[in-house]
Amino acid sequence: EVSSRFGLQDEKGMIDVLAGECELNRALYQHHTYPGLRILAAGTVEQRRRGLTATRLGMQELLADLKQRGIFVILDAPPILPMADMNLYSEVVDGIVLVIRADQTPQQVVGEALRFLAGGSIEGAVLNDLETPRHQYYGRYAIAEQPPVL
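The text that follows walks through the structure, step by step, so that each part is easy to find. From a predicted model like this one, the values you see are computed outputs, not experimental measurements.

## So, the side chain of histidine 31
Stage number 1. Residue position: histidine 31 is located in the loop between β1 (28-30) and β2 (38-40).
Stage number 2. Take histidine 31: its relative accessible area is 11%, and that puts it in the buried class.
Stage number 3. Within the structure, the side chain of histidine 31 is placed 3.1 Å from the backbone nitrogen of threonine 33, a separation counted as a polar contact.
Stage number 4. Of the polar contacts made by the side chain of histidine 31, one reaches the backbone nitrogen of tyrosine 34; its length is 3.1 Å.
Stage number 5. Once you skip the residues sitting within four places of it in the chain, histidine 31 turns out to touch Phe6, Leu37 and Ile39.

## A closer look at helix α7 (residues 107-116)
Stage number 1. Three or more residues of α7 are buried, namely Val110, Gly111 and Ala113. Buried residues of α7, viewed axially, fall in a sector of 160°; they line one side. In this structure, α7 carries Gln108 and Arg115 as exposed residues pointing more than 90 degrees from its buried face.
Stage number 2. Elements that come into contact with the buried residues of α7 comprise β3 (96-101).

## Points about the environment of serine 4
Stage number 1. Following the sequence through the fold, serine 4 ends up in helix α1 (residues 2-5).
Stage number 2. Residue classification places serine 4 among the partly exposed residues on the basis of a relative accessible area of 39%.
Stage number 3. As a C-alpha pair, serine 4 and alanine 41 span 37 residues in sequence and 8.7 Å in three-dimensional space.

## As for the nonpolar core
Stage number 1. Within the largest apolar cluster, 13 residues are counted, with the highest numbers of intra-cluster contacts made by Leu24, Met59, Leu62 and Leu66.
Stage number 2. For this core, the secondary structure elements donating two or more residues are α2 (14-18), α3 (24-27), α5 (56-68) and α6 (86-92).
Stage number 3. Of the residues forming this core, the biggest block, 4 residues, is contributed by α5.
Stage number 4. Residues within four places of leucine 66 in sequence aside, it is in contact with Leu24, Leu28, Ile71 and Val73.
Stage number 5. One finds Ile96, Ile100, Val110 and Leu117 within the second-largest nonpolar core, a separate group that totals 7 residues.

The rules we used
Counting restarts for each chain: residues are numbered from 1 in the order of the written sequence. Local features in this predicted model are restricted to residues of pLDDT 70 or higher, and side-chain atom pairs are both shown and tallied only at a pLDDT of 80 or more, whereas totals for entire chains, interfaces and linings draw on every residue. Heavy atoms throughout the structure, all of them, feed into the side-chain values; hydrogens and water do not. Put simply, DSSP H or I for four residues or longer makes a helix, DSSP E for two residues or longer makes a strand, and each gets a number counted from the N terminus. Per-residue accessibility, obtained with a 1.4 Å probe over protein chains only, is compared with the maximum for each type, and a residue is labelled buried under 20%, exposed over 50%, and partly exposed between these values. Two N or O atoms form a polar contact when they lie within 3.5 Å of each other; inside protein one atom must be a possible hydrogen donor and the other a possible acceptor, and for residues adjacent in sequence the pair counts only when both atoms belong to side chains. Residues count as neighbours in contact if any of their non-hydrogen atoms are within 4.5 Å of one another. This arc is built from the directions going out from the helix axis to the C-beta atoms. Remark: nonpolar core denotes a set of buried residues (Ala, Val, Leu, Ile, Met, Phe, Trp, Tyr, Cys) joined through side-chain atoms within 4.5 Å.

Here's what the structure looks like:
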């Protein structure tokens with residue numbers, strides 16, 4: 001989760017803004033090393049425990065507000081399949097990039113996720129944790145075989 005990587009695990013964030021507990025300006029954190037990077041954490045543990053789920057209208061308003069401020073938004077969403085909220089995300093974002101873990105995510109799960117998101121705008125996929133053999137002539141990494149067809 002992005003929030004924990006930046007030490008914002010229990011800071012005011014998206015869920016607090018959507019619940020009306022915090023103003024967006026107060027929840028946007030300016031990264032100290034990268035001046036152009038602002039982070040909106042998931043939200044406080046207390047709000048997440050309440051089980052508040054985002055509404056389509058609330059998310060649309062929040063994203064429209066951020067877009068109007070000229071902020072390019074990347075949502076770090078939970079895994080697709082066990083989450084009913086993914087329908088909400090797919091309806092309010094401009095595009096979806098599917099992240100797949102090499103040698104861990106079963107092909108059938110990827111296929112099911114793609115079918116689940118069929119109504120959304122899937123822009124592409126990222127295959128992470130892929131180990132590739134070094135090319136013997138050029139010393140660069142090369143993918144040895146074609147990806148599976150879904």
